[in-house]
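# Fold and geometry: a report
What follows is the residue order along each chain.
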Amino acid sequence: MCRLHTEGTQHGCGHYIITRKVMKEDCLSRFCINSNYHQENNCPHCPNCKRYFDPDAKETITVRSPEFCRECEYWFKGPGARRR
């Protein structure tokens, strides 16, 4: 499957959030929807073709934030947090 080179923010919770997709590494497979070799029209294999990217080939951290990401903020510091 194809892979991305990305730039993003590293949060205090450990999550890396993509802010910009810099480049795509093409896997050159006709069975990957993201590849340039995939037939856009009349692909007989499309229900079985790979639809998602593999893990990023390169992650460039542009900003480091001590704050939790939006999803973790809810569960650890917001209304979803366990009462102490």
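Conventions used here
- Residues numbered from 1 in each chain as written.
- Predicted model: local features only at pLDDT ≥ 70, side-chain atom pairs only at ≥ 80, totals over all residues.
- Heavy atoms only, no water.
- Helix = DSSP H or I, 4+ residues; strand = E, 2+ residues; numbered from the N terminus.
- Contact = heavy atoms within 4.5 Å.
- Phe/Tyr/Trp six-rings, centres within 6.5 Å; stacked < 30°, edge-to-face > 60°.
- Buried < 20%, exposed > 50% of the residue type's maximum accessible area, 1.4 Å probe, protein only.
- Lys NZ or Arg CZ within 6 Å of the ring centre and 35° of its normal.
- Pairing = 2+ DSSP bridges.

### Points about the side chain of Thr6
As for its position among the elements, Thr6 is in strand E1 (residues 3–10). What Thr6 contacts, discounting residues up to four positions off in sequence, is Tyr16, Ile18, Arg20, Lys21, Val22, Asp56, Lys58, Glu59 and Thr60.

### Brief notes about the packing of aromatic side chains
For the structure shown, the criterion picks out 2 aromatic pairs. Ring centres of Phe68 and Phe76 lie 5.7 Å apart, and the angle between their planes is 85 degrees; this geometry places the pair in the edge-to-face category. Classification of Phe76 by relative accessible area gives exposed; the value is 52%. Taking the centre distance of 4.9 Å and the plane angle of 90 degrees together, the rings of Tyr74 and Trp75 count as edge-to-face. Residue Tyr74 is classed as partly exposed on the basis of its relative accessible area of 40%. In this arrangement the basic side chain of Lys77 is found over the ring face of Phe68, its NZ or CZ atom lying 4.6 Å from the centre.

### Quick word on the pairing of E1
By the criterion of burial, E1 is predominantly enclosed, with 6 of the 8 residues buried. Linking E1 to strand E2 (residues 16–25), which pair antiparallel, is a turn of 5 residues; within it Gly14 sits at a positive phi near 105 degrees. Two elements, E1 and strand E3 (residues 58–64), share 6 bridges in a ladder whose sense is parallel. Directly across from Gln10, in E3, lies its bridge partner Arg64.

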